[in-house]
Amino acid sequence: GAKSTLHRRIEHYSREHDERLARNEQMKRAVERALEQNEFVAFYQPKVNVETNSLVGAEALVRWRKEDGSLVPPLEFISMCEKTGLVIELDMAVLEKVLRFLKKNLDDGIECVPVSVNFSRLHLLDDGFIDRVADTIRRYGVPARLIEMELTESAMFDSQEAIASFVESVHEKGLCVAMDDFGSGYSSLNMLKDIPIDVLKIDQGFLRNTEDSDRLAVIFASVAQMAQNLDIDVVVEGVETADNVDLMKRNGCFVAQGYFYARPMSEDEFEPILRKGTL
Ligand code: C2E
Ligand code: MG
Ligand code: MG
Ligand code: MG
């Protein structure tokens, strides 16, 4: 009867739930092991000045390089890492990869561009975080201005005051702060009022499936104007086509990051670009 159907359904759901928990637990152990085995690597995606094609920076994006050589993108493990707190260790591991790479090139006399590192919002809750980052940078002997901290806009729903003082403390250590995915959340403009960020990265969603590029042009021009008046640099994310480049250029945005110029690439692939200073 009805009762037994319901009962079966509950059993079914709770089995699914158990399976999901088991999968998460398995994944968590795999990531912990990967951290120990040093299997996370930084890929680099160039940021380019669209007028000169010169390299003005890069973003470090984590990849999990498994024993068999396969590469796992962050989408498959970041949210689990955030839920379990492992992301703290993961982000620090990426930072260290970047520092080691920069240090090696600085020692070779290369003039390096700044590299931005993504930091989860979880770090904002940790009092010791900024000192830990600064100490790590110092330990590698890399100038702090070569590391930029990317915080995703969705990190910003914590108290504005707390974030503002966080960003000020980061500045005291000599690092710049970028707001990632700008315009994708609900409080972007509100945040700009109080939080002294250095860079805003226009979310790639703006460039996807755009039918009305007149409206988009107005938005780009307005953000560019506002950013300039606030002394904030603008990076356009997800630039995939020549039309995208044209649109941003005509509307006062000059730094692009996207597949049109380059995909995220391994350290070995990026090194010659860093050394040349151009694509
Ligand atoms: P994000 O920080 O907004 O990084 C940009 C993402 O867009 C990257 O995906 C990049 O590969 C992708 N992308 C760049 N240009 C284009 C383009 O022209 N078209 C399209 N369709 N995509 C483009 P990825 O590497 O898969 O990273 C996804 C997200 O994972 C990142 O978004 C960031 O939120 C997070 N993430 C990546 N690395 C780290 C990390 O080391 N720590 C933390 N906490 N999060 C990370
Ligand atoms: Mg980012
Ligand atoms: Mg980004
Ligand atoms: Mg983004």
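Above this text you will find the structure in question.
Residues numbered from 1 in each chain as written. Chains lettered and ligands numbered in written order. Predicted model: local features only at pLDDT ≥ 70, side-chain atom pairs only at ≥ 80, totals over all residues. Heavy atoms only, no water.

## Section: unusual backbone geometry
Line of reasoning, step 1. Phi at asparagine 38 is positive, roughly 65°, even though this residue is not glycine.
Line of reasoning, step 2. As for its position among the elements, asparagine 38 is in the loop between helix H1 (2-36) and strand S1 (40-49).
Line of reasoning, step 3. The backbone of asparagine 53 sits at a positive phi, close to 60°, despite the residue not being glycine.
Line of reasoning, step 4. Within the secondary structure, asparagine 53 sits in the loop between S1 and strand S2 (55-65).
Line of reasoning, step 5. Note on asparagine 53: relative accessible area 36%, which makes it partly exposed. (Helix = DSSP H or I, 4+ residues; strand = E, 2+ residues; numbered from the N terminus. Buried < 20%, exposed > 50% of the residue type's maximum accessible area, 1.4 Å probe, protein only.)

## Some points on the coordination of the magnesium ion (ligand 3)
Line of reasoning, step 1. Taken together, Asp180 (OD) and Glu237 (OE) make up the protein donors of the magnesium ion (ligand 3), found 1.7 to 2.1 Å from the metal.
Line of reasoning, step 2. Between the magnesium ion (ligand 3) and the magnesium ion (ligand 2), both coordinated by aspartate 180, there is a metal-metal distance of 2.9 Å. Of the two residues, aspartate 180 is situated in strand S6 (residues 176-182) and glutamate 237 in strand S8 (residues 233-237); the sequence distance between them amounts to 57 residues. Residues aspartate 180 and glutamate 237 agree in their burial class; the two are buried. (Donors = N, O, S within 2.8 Å, 3.2 Å for Na, K, Ca; no water.)

## A few points about helix H7 (residues 213-229)
Line of reasoning, step 1. In this model, H7 (17 residues) spans 24 Å end to end at C-alpha, consistent with the 24 Å of a helix rising 1.5 Å per residue.
Line of reasoning, step 2. Among the residues making up H7, those that are buried are Leu216, Ala217, Phe220, Val223, Ala224 and Ala227. Summarising the axial view, the buried residues of H7 lie within an arc of 135°, below the 170-degree limit, and thus occupy one face. The exposed set on the far side of H7, more than 90 degrees from its buried face, consists of Asp214, Arg215, Val218 and Asn229.
Line of reasoning, step 3. Where H7 is buried, its residues contact S6, strand S7 (199-202), S8 and helix H8 (242-250).
Line of reasoning, step 4. Downstream of H7 by one or two residues, aspartate 231 has phi in the positive range, about 60°. (Expected span 1.5 Å × (residues − 1). Arc of directions from axis to C-beta. Contact = heavy atoms within 4.5 Å.)

## Describing the site of ligand 1
Line of reasoning, step 1. Neighbouring ligand 1 are 24 residues, the closest being Asp91, Asp180, Gln204, Glu240 and Tyr259.
Line of reasoning, step 2. In this structure, an oxygen atom belonging to ligand 1 sits 3.0 Å away from a side-chain N or O atom of glutamate 59.
Line of reasoning, step 3. Measuring from an oxygen atom of ligand 1, one finds a side-chain N or O atom of arginine 63 at 2.9 Å.
Line of reasoning, step 4. When the free accessible area of ligand 1 is taken as 810 Å², the share hidden by the protein chains comes to 82%. (Near = heavy atom within 4 Å. Polar contact = N/O pair within 3.5 Å; in protein donor to acceptor, adjacent residues only side chain to side chain. Areas by Shrake-Rupley, 256 points an atom, 1.4 Å probe, with all protein chains shown as cover.)

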